[in-house]
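A look at the structure
Listed here are the chains, written in short residue letters.
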Amino acid sequence: MYKGKGDECRNTYYIDQSQQLIDDIAGLTYHFSSDEGYEGAKKELLKQIYNLKPGITQITTHPAIVSEELKELTNYYENREMEYQLYNDPDVKELIKKQNIKLISWKEIRDLQRRNGLK
C-alpha cells in the first residue's frame with residue numbers, strides 16, 4: 001500500500017543501505033483474528049488503514065480461499081480465509097479509496113528502486 005503524494009518514501013527499511021524497500025509494516029495477528037472474529041479483525045484492519053502514514057507500508061497478509069490443500073499446509077486456514085474476506089469487504093475497499101491509498105506490488109517497489117538508481 002502506498003499513501004501520499006509522488007513516489008517519495010522515507011527510506012526506513014532496507015535489505016542493505018543501497019536498497020530502499022518500505023517505510024512501515026502492518027498486519028493483523030492470527031491470534032487477534034481468531035479471538036475477536038471477523039468483526040474484531042475488520043475493526044483492527046480499518047484502524048490500521050486509517051492510521052497509515054505517507055509512504056510505502058507493507059501489510060503482511062496471507063489471504064486465501066480454504067481448500068483441502070490449504071488445510072494440509074497450515075492450521076491457520078480459517079484466518080487466511082478471513083483475511084481474504086476482509087480485503088474484499090466493501091467497508092475496507094471504501095476506506096482504502098477514501099484515504100487515497102494506492103495498492104502496489106513488489107514489482108512497483110522494484111521499479112521505484114531502479115528509477116532511484118538502486119539495484
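In every chain, residue numbers begin from 1 and rise along the written sequence. Side-chain atom pairs in this predicted model are given and counted only at pLDDT of 80 or more, local residue features only at pLDDT of at least 70, and totals for whole chains, interfaces and linings cover all residues. Side-chain numbers here rest on the full set of heavy atoms in the structure, without hydrogens or water.

Where charged atoms from two side chains of opposite charge come close, those side chains can pair. Whenever Lys or Arg places a side-chain nitrogen within 4 Å of a carboxyl oxygen from Asp or Glu, that contact is recorded as a salt bridge. Following the criterion strictly, the structure yields 6 salt bridges and no others. Residues Glu 108 and Lys 102 are paired through a salt bridge, measuring 3.8 Å at the closest nitrogen-oxygen approach. Any residue under 20% of the maximum accessible area for its type is buried, any over 50% is exposed, and the rest in between are partly exposed; the area is computed with a 1.4 Å probe on protein chains only. Owing to a relative accessible area of 48%, Lys 102 belongs among the partly exposed residues under this scheme. With a closest N to O distance of 2.9 Å, Asp 111 and Arg 110 form a salt bridge. Residue classification places Asp 111 among the partly exposed positions, given a relative accessible area of 22%.

The next point concerns helix 3 (residues 77-87). In this text, helices come from DSSP runs of H or I with a minimum length of four residues, and strands from runs of E with a minimum of two, each type numbered from the N-terminal end. Within the sequence span of helix 3, burial applies to Asn 79, Met 82, Glu 83 and Leu 86. Axial view of helix 3: buried residues confined to an arc of 100 degrees, hence all on one face. Note: the arc covers the axis-to-C-beta directions of the helix.

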